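# Per-entry structural report
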Amino acid sequence: EIEFLPGNAYEAFVSSRLYGPVGAARPDRQWSFRTQVPEVIGTRPAAGEVGVSSATPTVQIEFSGSVVRQQQTDFQLLARTLANPQAAAELIPITGFGAGEGATLISFAPEGGFQAFTEYQVVMSREVLGELAEEGFNFRFRTAARLANAAQGGSIANPEGTVELYFPPNALTGGTGEILIRP
């Protein structure tokens, strides 16, 4: 039994000698084929999503079919704070990597969870999709801003710095203090 991996090219050859003495009159048979390269059909958080809560800090990538490689080293997570527009993205360790045999869903989390008011970029190597994949996949999302202490109030701004909201002490009750400013 041969297992054909997704996103790969194969060649097959059948020698006419398999037919024994009558095989000399038959030609050798040869053909090639390719298996389909899986595609990313969804991510959680969604690509481009703004205001992601830090309460569920898991990244999930769903594929149209099983992927070739399911190794943690094929995935990187970069983060940059939105509080400083000049901040560079830094590679952060991931944990809880999960993928099974014939994986169509891969999940992991940043070590220490999502940080508030941060832009994350997920980078996946092309080898996950097979040797025929032309490129890997990457996407970005942003977490919501958070007041350090909702009871004490404070100011929250959008990433562009064009809107700033002030919340006086005790203006917000309960919750995590995460606040999303949408246009």
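Provided above is the structure to which this section pertains.
Heads up: these notes are all about the structure in this document. (Residues numbered from 1 in each chain as written. Predicted model: local features only at pLDDT ≥ 70, side-chain atom pairs only at ≥ 80, totals over all residues. Heavy atoms only, no water.)

## Structural notes on the packing of aromatic side chains
A complete count under the given rule lists 11 aromatic pairs for this structure. Judged by centre distance (5.0 Å) and plane angle (50°), the rings of Phe 114 and Tyr 120 are tilted. Each member of the aromatic cluster is reached from another via a ring pair, and the members are Phe 114, Tyr 120, Phe 137, Phe 139 and Phe 141. (Phe/Tyr/Trp six-rings, centres within 6.5 Å; stacked < 30°, edge-to-face > 60°.)

## Focus on the pairing of strand β13 (residues 154-157)
Covered by surrounding structure in β13 are Gly 154 and Ile 156 only, the residues Ser 155 and Ala 157 on the alternate face being uncovered. Relative to strand β14 (residues 164-167), β13 runs antiparallel, the two being bridged by 4 bridges. For Ile 156, the partnering residue across the bridge sits in β14 and is Leu 165. The hairpin formed by β13 and β14 contains 6 residues between the paired strands, and Gly 161 there has a positive phi angle of roughly 75°. (Buried < 20%, exposed > 50% of the residue type's maximum accessible area, 1.4 Å probe, protein only. Helix = DSSP H or I, 4+ residues; strand = E, 2+ residues; numbered from the N terminus. Pairing = 2+ DSSP bridges.)

## Things to note about the nonpolar core
The biggest cluster of nonpolar side chains holds 21 residues, and the ones touching the most others in it are Val 59, Phe 63, Val 67, Phe 75, Phe 108, Val 122 and Phe 141. Of all the elements in the fold, those that place two or more residues in this core are β5 (59-63), β6 (75-81), β9 (105-110), β10 (118-124) and β11 (137-143). Those residues in contact with Phe 75 that lie beyond four places of it in its chain are Ile 61, Ile 94, Phe 97, Ile 106, Phe 108, Val 123, Met 124 and Val 128. Ranked by size, the runner-up nonpolar core spans 8 residues in total, among them Leu 82, Leu 147, Ile 156 and Phe 167. (Core = buried A, V, L, I, M, F, W, Y, C linked by side-chain atoms within 4.5 Å. Contact = heavy atoms within 4.5 Å.)

## Describing the environment of Thr 73
Relative to the helices and strands, Thr 73 resides in the loop between β5 and β6. Using a relative accessible area of 67% as the deciding quantity, one classes Thr 73 as exposed. C-alpha separation for the pair Thr 73 and Phe 141, spaced 68 residues apart in sequence, amounts to 21 Å.

## Describing the pairing of β10
Counting buried positions along β10 gives 6 out of 7 residues, so the element sits mostly inside the fold. The pairing of β6 with β10 spans 7 bridges and is classified as antiparallel. Paired with Ala 79 across the two strands is Tyr 120, which belongs to β10. As paired strands, β10 and β11 are joined by 6 bridges and run antiparallel to one another. Looking at the pairing, Glu 119 lines up with Arg 142 of β11.

## Digging into the pattern of salt bridges
Side-chain pairing between opposite charges can occur once the charged atoms of the two side chains come close. In total, this model carries 4 salt bridges according to the counting rule given. In this structure, Arg 80 and Glu 119 form a salt bridge, with 3.1 Å as the shortest nitrogen-oxygen distance. Taken together, the positions of Arg 80 in strand β6 and Glu 119 in strand β10 put the pair 39 residues apart, joining distant regions of the chain. On the basis of relative accessible area, Glu 119 is assigned to the buried category, the value being 11%. (Salt bridge = Lys/Arg side-chain N within 4 Å of Asp/Glu carboxyl O.)

## Some thoughts on the sheet that holds strand β4 (residues 50-52)
Strand order in the open sheet made by the 5 strands is β4-β11-β10-β6-β7, with mixed pairing throughout. In this open sheet, the two strands that pair with only one neighbour each are β4 and β7 (90-92). Ignoring which end each strand starts from, the neighbouring axes of this sheet average 40° apart. For β6 and β7, the ladder comprises 3 bridges, and the chain directions are antiparallel. Across the sheet, Leu 77 pairs through a bridge with Ile 92, a residue of β7. (Axes fitted to C-alpha atoms, helices over the stretch in contact; angles between N-to-C directions.)

## Focus on the environment of Glu 131
Mapped onto the fold, Glu 131 is located in the loop between β10 and β11. For Glu 131, a relative accessible area of 48% puts it in the partly exposed group. C-alpha separation for the pair Glu 131 and Val 67, spaced 64 residues apart in sequence, amounts to 11 Å. Sequence-distant contacts of Glu 131, defined by excluding residues within four places in its chain, comprise Gly 7, Asn 8, Ala 9 and Arg 126.

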